[in-house]
Amino acid sequence: MRTLRALVAAALLCLVPVLPAHAAADLTYDFEGGTTEGWGPRGGGVSVTVTTDAAHGGTGSLLTTGRTDTWHGASIAAPFVKGVTYRVTAYARLVTGQPASTIALTVQRTPAGGETTYERVAAATVTDGEWVRLAGTYLFTADSTDLQLYAESSDATSQYYLDDIVLSPQGDPTREPISTDFEDGTAQDWSPRAAATLESSTAAAHGGARSLAVTGRSATWDGPAMNVLGRMGKGDKYALSVWVRLGPDTAAGRLGLSIERRTGGTPSYERIVPPTDVAAGEWVQLAGTYTLAYDVDFLSLYIESDSGTFPFYLDDFAMTYIAPKPIQTDIPALKDKVPFTMGSALTRPDTLGVHGELLARHFNGITPGNELKWDATEPREGEFAFADGDHLVDFGIQHDMTVRGHTLVWHSQTPAWVFEGADVKEIDKETLLRRVENHVRTLVTRYKDKIAVWDVVNEVIDENQPDGLRRSKWYEIAGLDYIRTAFRVAREADPDAKLYINDYNTEFPRKREALYALVKRLKDEGVPIDGVGHQLHLNIEQPPASYVEDTLERFATLGVDQQVTELDVSIYTDFVSSYPSISPELLAEQGHRYKALFDVFRRQAGKLSSVTVWGESDDVSWLNTWPIPRLNAPLLFDHDLQAKPAYWAVVDPSKLPPSAGKLEAPAGKVKVDGKRDLQWDLLPDTPLARVGDVSAGFQARSAPDGLYVLAEVVDPTLTAEDKVTFTVDGTTYTVTRAGGPRAAVRRTATGYRVEALVKKGTDVDVDVHDGSTAISWTGKVTTAPAIKLTAAAHRPVPPVLDGVADPAWWAAPEIRTATWIQGTSGATAKVRSLWHGSVLYVLAQVADPALSEESPNPWEQDSVEIFVDPGNGKTKGYTDDDGQYRVSHTCRVTVGGTFDAAGVKDNVTAVAKVVPGGYVVEAAIKLPTITLAEGTLLGFDIQVNDATGAARTGAVTWNDATSRTYLDTSHWGVLRLAD
C-alpha cells in the first residue's frame, strides 16, 4: 500500500504557485499491502514482485529478478515536480548467495528540446548480509517528460530486495544544514563518481566509531560525491568542512574539496579547498566557503586528489548556510572620500546579494579578477567564452562604474595551446604574434566603449635578469615584440581605451628601475603605453609607504598615468605563520598602515587616477588560500562585510584606534655628536609617517647610562623653530636646531640629524615639529641584546672551494655559533668570511662527531645554514634577494627564503668535506643585486643543525635567538666588508 503523510509547505525557489498534493507530502512505498505500488520491471525478462522472504520494516519487500544488464531493475513513473527538491531514501539487500554489488537509484528524464539524461540520486555497496540504506536528494528545473525512477546494479544479473522507499519534498532545503558522520553504517548520501567503492568502516574514525572508506579509485577525480542540487541557493554562501585521512599503506597524498556544476549539460569545476597535504596517520580538515553564482541543472560536491588513486577515509562532513549580515548604510561611501577612482576586483559571486550591495555603495570602479584572462576567454584557439566577462562588465556599466580589463597578455593562466603548434612543439614567432593579435583584437573590440582601461601586459619584469625582463615563453619566442604587438593592436581596436603595463613589487627599487627602463624604451619607440599599474600586494610592515611614494614620483617623470591596481595588506609578514584569530590590536596596526598608504595616494593624486583593492571584503580575498590556507584579513571590510579600522583609515583616520608602535633598542653606545655612527647603520631607521614634505626616521640604543636616540629628519625648509621632542615615560626632552642637554644636531643633505641621550624607559613618543606641522611615533621600546658585527676580508684572488681551510681564510675574523635555539649543547661551528668581486665566501668548520642524514627534511639533517640579506633590511620577512642557503655534511644544497626562492636559488655553490670530529663547508654566494665594496653592510647569520638519527636534536646560531631566522631577517647579525 502507498501512504501519504502531510508536510507543512514551505517557500521554495522556482516553485509554481499551486502544487500537486504529492509535491507537499511524503511518498512512501513499503509494500505491506501485497502489491508493487506502481513499481514495474525495467528491461526484457525482468520480474518485479512483492515477497515476504525478506523485509526491512514490516513483512513485505519488492523483489527484482531476471536481470541481464546493469540498467535492468525496478522502475516507477517518477512523481517528481519541477522545482521541488526531494530527499530520497530506500533500503536494499541482495538475495542470499548474490555477490556484493553497487545498487543505485537513478532518474531518467528527457528535457524539452534536449536529449534523455540519467541522473544518479543515491548509491551504496550492498551485500546479502544486511539491509543497506540508499539516500540522496533530487531536483530538476527544466520542463521534462518521461520521468522514471529506477533501481540498477553494477552486477548485470544481481537479484535484490527494495523496501521502505520514501520520497520527501523539502521545505527550503537551501537553508538546512547537511551533516554526515557514517555512524549508521551507510554511505549517507555519498556515492562514487566513477568506479570507486564506498564502504562504512570502523578501521579509522575522526569522531565516533565509523568513517567512510574510499577504495578502488580509477582517477584522481574519482571518489566520493554528494549531490547538492537544490541544497544551495544562487547567491547564497555556505561553509563546508570534511575530515580526511589516508588509507592503509599510503605514506603521503594531497586531497581537496571541489564542486562540479553543469548548465545546459556543460560542466564546470571549481575548487573549494585546493589539494592539501595529508600526513599518514593524521586526520586533516578541508574547510572553505562557496557561493553559488550560476543557474545550474547539476551540482555535486566531491573529494579528489591532485595525483594518484590512493585510498582514503572521510568523516564528519558538514555544509551550513551562512546568513549574511546586512551591509552598513550609515557610514560614508569610500568613493566619496577619495580624489581618485576607488575600485575593487570582483568575481561573479561578488555581484550577488550583500556583496553586490557593498560594491555598488562603496566603489566606482571594478576589475574582473579572472574572467577576462586568456584561459577564461579563449580556452581553445578561436573558441571564445564571454558569459562571465559580459556579466561583470554589464554589472559595472549598470552601476556607473569604470571597468578595468585584466589582463590581455600574461605568462600565467595562458592555455598551453597558445605556445604550441600542430606537432605540439614550440611555435614560431610569427604564429605567436598572430595569436596575440587575434586574441587582443577580439577582446578589446568586444568591450569597446565599455572597458575604459586595459592591463595590456602583466608582470613582464624579472629584476634578477641582467636586462630586467621575465624569461617567459612570450619573451623566449618573441622578445619584446609580443608587448609591442599587444599594445598596437589594443590601440587599433579601441583608440579611446587607456592602455597599461601592470606589475608587482614596483615599490622596490630594483623592480622599479627595471620597469622604468622598459617603459621609457617602449614609449621612446612609440609604443602606445598610457599608464603604469602598480599592484601593491603589501604586508602589515613592509615595504615602507615611502617606497610607494618614491615609485609614483619616479614614473611621473615619464609622463604616464598611474594606477594602484591590486592593493591589499596581509596581516602576515611571512609565508608560513597562521593566527587562530585576529586581535583588535593587529587590525588597528593594519589601519594605520592603510592610513600611511592613502596619505601617499592623496599627496600623489595628481599622478594617480585610480586605486583598486583586490577584493571588496576579507572573505573573498585570494590571501585566504595563498600562499597557504590561513585566516587573513587584508582588505577594508571584514569577513562579514563590516567596516574595519582599515576602512576608517581611508574615510576618517580620526576614528582609528591610537597607534601603538613597537621598537627594539639593542644594547649599544654611540657618541652624541650629530654624526651617524656605524652603530646606527646596523639597523634601518623606523619611519615616522610623512606629512607634506616632512618625514623622519627613528632608532634607539640601550646602555647603562640611558637610552640613546636618533632622529633623521627630512625637511627642505629649515628654520629656527624646527625641533624634535622625545618623551620617555612622561619625561620630555626637546632638541631644537641649536641642540639641547646631552644632545647634538647636525645638518644633512636633506634636513638634519638629532642624537640625544635620555633616561631609560618603555613608553616613548617622538615628535618632529616643522612650524605648525608635526609628525610623530608612539609606542613601546624594549631592550634587546647587542647586534653582533663581524667582518669579511677582501681577497684579490678567491679561495678554492675544496673543503680545505687554506691560509687565505686566516685574514678574516673568526666568529662562533653559541646562541642556542634548540637544546643547550651539540654541534657548533667556527665561521670566517671573505669577499671577492660580487661573491661572498663563507667557511664553516663544524664540530660534530656523529653525522646523520636520515630525516627526509633537510633542516633535520646535520647541516650549516648561511643567511644573507644583501640590503641589511632587517625586515619581518624575506625580500626577493634575501637567502637561506643550507649545506649538509654530504653537500646536499637546499635554498629557502622568499616564497619559492626563485630569485636566489642559483646563487650558491658549495662543497662539504667530512673530517675527523666533524665536517667543513665552503660556500660561494653570488650577490648580484648590490655592488660589493669596502664598508658595505650585509645582514648575516649562521645556523648549525645537529641531527641524531632522523631527528634534529640541537640548533645554534651566531646572533639570532628568535628561532625565526628562516622566516625573517630582523634579528640577524651584520657582516661588514673590509679591505
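That block above? That's the structure.
I will try to describe carefully the structure that is included in this document. Quick caveat, the model's predicted, so the values are computed rather than measured.

Remarks on the overall build of the chain
If you tally the helices and strands in the chain, you get 11 helices and 55 strands. The C-alpha extent of the chain, read off along each of the three principal axes, is 105 × 70 × 65 Å. Expressed as a percentage of the 979 residues in the chain, the buried residues total 54%. Expressed as a percentage of contacts within the chain between residues at least 6 apart in sequence, the contacts between residues at least 24 apart total 72%. Working note: accessible area of the chain is about 38,400 Å², and carbon and sulfur atoms make up 51% of it. In the chain, 91 side chains carry a positive charge and 128 a negative one; their mean positions are 6 Å apart.

Section: the sheet that holds strand β39 (residues 743–747)
Judged by pairing direction, the sheet is antiparallel, and its five strands sit side by side in the order β34-β35-β36-β40-β39 without closing on themselves. Strands with a single pairing partner mark the edges of an open sheet, and in this sheet they are β34 (686–691) and β39. Within this sheet the neighbouring strands show an average axis-to-axis angle of 15°, counted without direction. Bridge analysis of β39 against strand β40 (residues 751–758) gives five bridges, and the strand direction is antiparallel. The residue bridging Ala744 from the neighbouring strand is Glu755, located in β40.

A few points about the side chain of Gln642
Examined against the element boundaries, Gln642 turns out to sit in the loop between β32 (608–613) and α10 (645–651). A polar side-chain atom of Gln642 sits 2.9 Å from the main-chain carbonyl oxygen of Asp640.

Structural notes on the pairing of strand β18 (residues 237–246)
The buried count for β18 comes to seven of 10 residues, which makes it a mostly enclosed element. Direction of pairing for β18 relative to strand β21 (residues 284–291): antiparallel, over a ladder of eight bridges. What sits directly across from Val244, in β21, is Val284. Pairing analysis gives nine bridges linking β18 to strand β23 (residues 312–322), with the strands arranged antiparallel. Among the inter-strand pairings, Leu246 is bridged to a residue of β23, identified as Phe312.

Focus on the packing of helix α8 (residues 545–556) against helix α9 (residues 584–603)
α9 packs onto α8 with a crossing angle of 20° between their chain directions and a minimal axis gap of 9 Å. Looking at the two axes, α8 sits roughly parallel to α9. Regarding α8 and α9, the two cross each other, and that crossing is right-handed. Every residue of α9 that contacts α8 at Ala545, Val548, Glu549 and Leu552 is listed here: Arg593, Ala596, Leu597, Val600, Phe601 and Arg603. When the residues that make up the contact of α8 with α9 are grouped by side-chain class, the tally is seven nonpolar, no polar and three charged.

Looking at the pattern of salt bridges
Considering all chains together, one arrives at 52 salt bridges under this definition. Among the ionic pairs, Asp530 bridges to Arg491, the shortest N-O distance being 2.9 Å. Of this pair, Asp530 sits in the loop between α7 (509–525) and β29 (531–534) while Arg491 sits in helix α6 (residues 481–493); the two residues are 39 residues apart in sequence, bridging distant segments of the chain. A salt bridge links Glu865 to Arg886, with the shortest nitrogen-to-oxygen separation between them at 3.0 Å. Taken together, the residues Glu865 in strand β48 (residues 863–869) and Arg886 in strand β49 (residues 883–888) connect sequence positions 21 residues apart. According to the relative accessible area criterion, Glu865 is buried, its value standing at 2%. Residues joined in a network through salt bridges with shared partners are Lys429, Asp481, Arg484, Arg521 and Glu525.

Quick look at the pairing of strand β10 (residues 132–138)
Counting buried positions along β10 gives seven out of seven residues, so the element sits mostly inside the fold. Side chains Val132, Leu134, Gly136 and Tyr138 project from β10 onto one buried face, and the interleaved Arg133, Ala135 and Thr137 project onto a second face that is buried too. Bridge count between strand β7 (residues 86–94) and β10: seven bridges; the pairing is antiparallel. By the bridge assignment for β10, Val88 is matched with Gly136.

A word on the nonpolar core
The biggest cluster of nonpolar side chains holds 93 residues, and the ones touching the most others in it are Trp454, Ile501, Leu567, Phe598, Phe601 and Leu636. A total of seven residues in this core trace back to one element, the largest contributor, which is α6. For Trp454, the contacting residues outside a window of four places in its chain are Leu372, Gly405, His406, Leu408, Leu443, Val444, Tyr447, Ala497, Lys498, Leu499 and Tyr500. Counting residues in hydrophobic clusters, the runner-up holds 40 residues, among them Phe182, Leu240, Leu292 and Leu301.

Quick notes on the side chain of Arg109
With respect to the helices and strands, the residue Arg109 is situated in strand β8 (residues 101–111). In this structure Arg109 comes out as buried when scored by relative accessible area, which is 4%. Here the side chain of Arg109 touches Tyr138 through a polar contact of 3.1 Å, side chain to side chain. Apart from residues lying up to four places away in sequence, Arg109 is in contact with Glu115, Thr116, Thr117, Glu119, Tyr138, Phe140, Ala142, Ser144, Thr145, Asp146 and Leu147.

Calculation rules
Residues numbered from 1 in each chain as written. Predicted model: local features only at pLDDT ≥ 70, side-chain atom pairs only at ≥ 80, totals over all residues. Heavy atoms only, no water. Helix = DSSP H or I, 4+ residues; strand = E, 2+ residues; numbered from the N terminus. Buried < 20%, exposed > 50% of the residue type's maximum accessible area, 1.4 Å probe, protein only. Contact = heavy atoms within 4.5 Å. Areas by Shrake-Rupley, 256 points an atom, 1.4 Å probe, with all protein chains shown as cover. Lys, Arg positive; Asp, Glu negative; His and termini not counted. Charge placed at Lys NZ, Arg CZ, Asp CG, Glu CD. Pairing = 2+ DSSP bridges. Axes fitted to C-alpha atoms, helices over the stretch in contact; angles between N-to-C directions. Polar contact = N/O pair within 3.5 Å; in protein donor to acceptor, adjacent residues only side chain to side chain. Parallel < 35°, antiparallel > 145°, perpendicular 65-115°, else oblique. Left-handed = near helix turned anticlockwise from the far one by under 90°. Nonpolar A, V, L, I, M, F, W, Y, C, P; charged D, E, K, R; others polar. Salt bridge = Lys/Arg side-chain N within 4 Å of Asp/Glu carboxyl O. Core = buried A, V, L, I, M, F, W, Y, C linked by side-chain atoms within 4.5 Å.

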